[in-house]
Each structure stands twice: as structure tokens, then as C-alpha cells.
Amino acid sequence: MRRKLVVGNWKMHGSRPANAELLAALLAARPLMGPGGDVAVCVPFVYLGETAAQLAAGDIRWGAQDVSPHAQGAYTGEISAAMLQECGCRYAIVGHSERRAYHAESDELVAAKAQAALGRGITPIVCVGETLQQRDAGETESVVKRQLSAVIHTLAHCAAEMVVAYEPVWAIGTGRTATPEQAQAVHAVLRAQLQAATGHAERMCILYGGSVKADNAAALFAMPDIDGGLIGGASLKAADFIAICRAAG
Ligand code: 13P
């Protein structure tokens, strides 16, 4: 039986007072979220230290939203996996569609980032997903398989250690979520691909992301291959995020 996982992706939101208030509310509600699921927040780099300090005593994990593929060196502005490890990060999101789109991240770069994270014991949350144009052209399956296959190839025998997040680009921040059936269909494709590559897909975690809200989370999480969610906007409001976590617990 796989555990559910709900991860908040704060993106470029937050401030010290707002973060402290949000995290305090999540910590207070954590016992109500149910023992069947894990909860994490992926925060902007600069808040990792404070987030770690505030969450250290509780049962909420934390992580980053990106990681450098390089171990160290002259890479101005980059943050290494070793630095994230020092901050106690459990997760690093890699290949989010916003980074693929705005920073031209290739499948190979995403794979190198996933490998760098794993090398420091940080679980990469590898995002895949098609645009609306690709969906309308019937390319959903080929796009997500291509994105995932680059990571599988690079991680090789460690591939079963990653978390995969299916985030259809057309559902992110639009209020237009995939139906549970649409999401499940893609999750099943991804799990079959992971099974062929690792032989351990039954224990791997595949999250859904894209306009997950308190009122649609339970139906999504009830699908057999949806193991939780990667939550954007709704992770910034304590009541909404807590409700989503409860739907998973
Ligand atoms: P929204 O939940 O705001 O649609 O964002 C999803 C997402 O991109 C999470 O990584």
C-alpha cells in the first residue's frame, strides 16, 4: 500500500511573516491531517533556513523548487544539492513546466538535476506534462513518456527513488483541472513506463498537479494511480492546503 503525499509548491510567493503564519497553521493542523499521508512544502531558496527551523520539530517535510545540476563551482545564482542537503531538504522539484517554459530547460537538463539531487539523498519530484496544444494533437502520451524517459535513462538503477508529478500545463493556475479519469489515464501510462524500467513501480509515488483544490482533491486522490498532489495556489492558504492534505490522509 503506497502512502499518499501532498506537496505545496509555493512558487515565488511568500514573505517572512506570511510564511511563519502559514507554517504555524499547518503544524497545528498536522495531527488532523491523518496518518496515512505525508506532507511537504517546497519554498523559495531564501526561506529554506527559516522553514527548516520552524518545521524541525514537526511532521511536515520541506524542500526546494529547483537544484543545480552541478556539484559546485562558478555558476552564479545556482544552488547545489549539497546546499539543499545542508538545509535539510527532503525534496527538490525539477522540471516544473514553468522552468521548462521560461528557462528553456531540456529533458536532459531536468534529468541531470534529478541525478544531482539524488546524489545528495534528496528525492527529486520530476514534473512532466503536456500543453493544451499537445493534448489537442493527441500527443499527451508521447510527450510525458519522452520527458520521463530522459530521467529514467539518467538515473538508471536509482530511478525508483524519484517521485513523479504529472502536471498538465493547461491545468496549472487556470482553475481548469484534469478530471480524475483524465489524470488517472496518464498516471497509468507513467506507472507502466516506470514498471518496465525499474520493476518497482508499485511502490513509486506519482502525484497529480494542476488546479487541485479542496473540493476536487478527494476525487483525484481516490484514483488508483494518483498518490497525492503537487499543489500551487491552494498551498498558500492554510485552510485550503489543510483540507487537501486531509483528503489524502
Ligand atoms: P496550481 O495548483 O496553482 O494550478 O499550480 C500547480 C503547480 O504548478 C504545482 O507545481
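First, a word on scope: everything that follows refers to the structure included in this document.

Cut-offs and rules
- Residues numbered from 1 in each chain as written.
- Predicted model: local features only at pLDDT ≥ 70, side-chain atom pairs only at ≥ 80, totals over all residues.
- Heavy atoms only, no water.
- Near = heavy atom within 4 Å.
- Polar contact = N/O pair within 3.5 Å; in protein donor to acceptor, adjacent residues only side chain to side chain.
- Areas by Shrake-Rupley, 256 points an atom, 1.4 Å probe, with all protein chains shown as cover.
- Nonpolar A, V, L, I, M, F, W, Y, C, P; charged D, E, K, R; others polar.
- Axes fitted to C-alpha atoms, helices over the stretch in contact; angles between N-to-C directions.
- Helix = DSSP H or I, 4+ residues; strand = E, 2+ residues; numbered from the N terminus.
- Parallel < 35°, antiparallel > 145°, perpendicular 65-115°, else oblique.
- Left-handed = near helix turned anticlockwise from the far one by under 90°.
- Contact = heavy atoms within 4.5 Å.
- Salt bridge = Lys/Arg side-chain N within 4 Å of Asp/Glu carboxyl O.
- Buried < 20%, exposed > 50% of the residue type's maximum accessible area, 1.4 Å probe, protein only.
- Arc of directions from axis to C-beta.
- 1 Å grid on protein atoms, 1.4 Å probe; cavity = no way out; pocket = protein on both sides within 12 Å on 5 of 7 lines; lining within 4 Å.
- Points joined across faces, edges and corners; volume = space filled by probe spheres on them.

### Concerning the site of the ligand
- Lining the immediate surroundings of the ligand are Asn 9, Lys 11, His 96, Glu 167, Ala 171, Ile 172, Gly 173, Gly 210, Ser 211, Leu 230, Gly 232 and Gly 233.
- Here an oxygen atom of the ligand and a side-chain polar atom of His 96 are 2.8 Å apart.
- Here an oxygen atom of the ligand and a backbone polar atom of Gly 233 are 2.8 Å apart.
- For the ligand, the protein covers 96% of the area, taking 310 Å² as the surface of the free molecule.
- Among the residues making up the shell around the ligand, the classes are represented as three nonpolar, seven polar and two charged.

### Remarks on the packing of helix H1 (residues 16–29) against helix H2 (residues 48–55)
- The geometry of H1 relative to H2 is characterised by a closest axis approach of 10 Å and an angle of 30 degrees between their N-to-C directions. Of the possible angle classes, the one that applies to H1 and H2 is roughly parallel. The handedness of the crossing between H1 and H2 is right-handed. In this structure, H1 contributes Arg 16, Asn 19, Ala 20, Leu 23, Ala 24 and Leu 27 to the contact, and H2 contributes Glu 50, Thr 51, Gln 54 and Leu 55.
- Of the residues assigned to the contact of H1 with H2, the class counts are five nonpolar, three polar and two charged.

### Observations regarding the pattern of salt bridges
- According to the stated counting rule, one finds 17 salt bridges in the structure shown.
- Close ionic contact of Asp 66 with Lys 113 constitutes a salt bridge, the shortest N to O distance being 2.8 Å. Note that Asp 66 is positioned in the loop between strand E3 (61–64) and helix H3 (81–86) and Lys 113 in helix H5 (residues 107–119), a separation of 47 residues in sequence.
- Judged by relative accessible area, Asp 66 falls into the buried class, the value being 9%.

### Side note on H2
- Within the span of H2, buried status applies to Leu 48, Thr 51, Ala 52 and Leu 55. An end-on view of H2 places all buried positions within 100 degrees of arc, on one side of the element.
- Of the surrounding elements, those touching the buried residues of H2 are H1, strand E2 (37–42), E3 and H3.

### Quick look at the layout of surface pockets
- In this model, the largest pocket occupies a volume close to 410 Å³.
- Lining the largest pocket are 14 residues, with Lys 11, Met 12, Gln 65, Arg 99 and His 103 sitting closest to its centre.
- A total of three residues in the lining of the largest pocket trace back to one element, the largest contributor, which is helix H4 (residues 97–102).
- When its residues are assigned to classes, the lining of the largest pocket shows six nonpolar, four polar and four charged.
- In this structure, the second largest pocket occupies an estimated 290 Å³ of space.
- In terms of residue class, the lining of the second largest pocket is made up of seven nonpolar, one polar and seven charged.

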